[in-house]
Amino acid sequence: MSTSERTLLDVRDLRVRYGGRRGGQVAVDGVSLSVAPEETLGLVGESGSGKTTVARCVAGLLRPGTGTVTFEGRPLGRAGRRPPELQRAVQMVFQDPRSSLNPRMTVAAVIGEVWRTHPVTVPEGDRTEALHRLLADMGLDPEVAARRAGDLSGGQCQRVSIARALAVRPRLLVCDEAVSALDVSVQAQILRLLVDLRARHRLAMLFISHDLGVVHQIADRVAVMRRGVIVEEGRTGEVLTAPRHAYTQALLDAALDLDDAVPGDGAADGKAVV
């Protein structure tokens, strides 16, 4: 099997500068990474390291200065100019679940809008039943469909955001600090949900985080970014047990205890989902 056949997402020599060519700030400086089918790559670094810029380029929300971003060998341009099948293939879950949803829209309207945009992904049969099944997959009760996004808790909003992404059956989920804005107990629930969904839907993920403790619980491989460059990359267990770079060690020192397991999802344990 060739390298291209094993690679779903391929980012090569990505460079992004903010503020113009002269006197601007280099946010990403020659980053290369890849994600295989059904693999989760954790991209970790402190605030300002450039990891969110990489995520936005992959999602098509930002145009890189130079470099290439491809999906199964096909160039990924700006989101609005991608062919429909590539728009569906790569979906993003944002850091702030409340600001990523229109607070005045009901959950049913949020999902319905996605299905209208991509009608080939509308499930067969009764659409209301399909919506309720989708919400159940997220650990949400059917009654949530009639509620406005602005009336939901942060954890519920993030579950709806994930549902919106999965409604179009993506193959790659880009999670940009998807749990960092949530309480610690809710973080564990959402992490468990993402792990379960990855297996059930055979998803690949680019998981962005500043916390190696969180990445340890979900990623197969990890790439560590500092000041716009990747300073270390490898299998998660290897990087976290024997880091080669001092910056990686510093992140480890600031992380949660890596031996902590992800607690069960509240929905599965019979606890309230928040």
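As a reminder, the structure under discussion sits directly above these lines.
Below: a short report on this structure. (Residues numbered from 1 in each chain as written. Predicted model: local features only at pLDDT ≥ 70, side-chain atom pairs only at ≥ 80, totals over all residues. Heavy atoms only, no water.)

### Focus: a positive patch on the surface
Phase 1: Taken together, the side chains of Arg56, Arg63, Arg78 and Arg81 define a basic patch exposed on the protein surface.
Phase 2: Within the fold, Arg56 resides in helix α2 (residues 51–59).
Phase 3: What makes Arg56 partly exposed here is its relative accessible area of 31%. (Patch = residues over 30% accessible without salt bridge, like charges linked within 9 Å, V, L, I, M, F, W, Y side chains within 5 Å. Areas by Shrake-Rupley, 256 points an atom, 1.4 Å probe, with all protein chains shown as cover. Salt bridge = Lys/Arg side-chain N within 4 Å of Asp/Glu carboxyl O. Lys, Arg positive; Asp, Glu negative; His and termini not counted. Charge placed at Lys NZ, Arg CZ, Asp CG, Glu CD. Helix = DSSP H or I, 4+ residues; strand = E, 2+ residues; numbered from the N terminus. Buried < 20%, exposed > 50% of the residue type's maximum accessible area, 1.4 Å probe, protein only.)

### Focus: the packing of helix α6 (residues 154–166) against helix α7 (residues 184–201)
Phase 1: For the pair α6 and α7, the least separation of the axes is 10 Å and the interaxial angle reads 15 degrees. Regarding the angle of α6 to α7, the classification is roughly parallel. Two packed elements cross with a definite hand, and for α6 against α7 that hand is right-handed. Of the residues in α7, those in contact with Gly155, Gln158, Arg159, Ile162 and Leu166 of α6 are Val186, Gln189, Ile190, Leu193, Leu194, Leu197 and His201.
Phase 2: Looking at side-chain class alone, the contact of α6 with α7 contains seven nonpolar, four polar and one charged residues. (Axes fitted to C-alpha atoms, helices over the stretch in contact; angles between N-to-C directions. Parallel < 35°, antiparallel > 145°, perpendicular 65-115°, else oblique. Left-handed = near helix turned anticlockwise from the far one by under 90°. Contact = heavy atoms within 4.5 Å. Nonpolar A, V, L, I, M, F, W, Y, C, P; charged D, E, K, R; others polar.)

### Comments concerning the environment of Ala89
Phase 1: The topology assignment puts Ala89 in helix α3 (residues 84–89).
Phase 2: Along the primary structure Ala89 and Ala165 are separated by 76 residues, whereas in three dimensions their C-alpha atoms are 9.8 Å apart.
Phase 3: Setting aside residues no more than four positions away along its own chain, Ala89 makes contact with Phe71, Pro170, Arg171 and Leu172.

### Considerations on the pairing of strand β8 (residues 204–209)
Phase 1: Counting buried positions along β8 gives six out of six residues, so the element sits mostly inside the fold.
Phase 2: Going residue by residue along β8, you find Ala204, Leu206 and Ile208 tucked away on one face and Met205, Phe207 and Ser209 tucked away on the opposite face as well.
Phase 3: As defined by bridge partners, strand β3 (residues 40–44) adjoins β8 across five bridges and the pair is classed as parallel. Bridging across to β8, Thr40 finds its partner in Met205.
Phase 4: The sheet contact formed by strand β7 (residues 172–176) and β8 spans five bridges and is parallel. (Pairing = 2+ DSSP bridges.)

### A word on the packing of helix α4 (residues 107–117) against helix α5 (residues 127–137)
Phase 1: Packing of α4 against α5 brings their axes to within 11 Å, and their N-to-C directions diverge by 105 degrees. One finds that α4 runs roughly perpendicular with respect to α5. Here Val107, Ala108, Ile111 and Trp115 of α4 come into contact with α5, specifically with Arg127, Ala130, Leu131, Leu134 and Leu135.
Phase 2: Among the residues making up the contact of α4 with α5, the classes are represented as eight nonpolar, no polar and one charged.

### Brief notes about the nonpolar core
Phase 1: Membership of the largest hydrophobic core comes to 56 residues, with the highest contact counts inside it found for Met138, Ile162 and Leu194.
Phase 2: Residue contributions to this core peak at seven residues, all from α7.
Phase 3: The residues touching Ile162, leaving out its near neighbours within four places in the chain, are Val93, Met138, Ile190, Leu193, Leu194 and Leu197. (Core = buried A, V, L, I, M, F, W, Y, C linked by side-chain atoms within 4.5 Å.)

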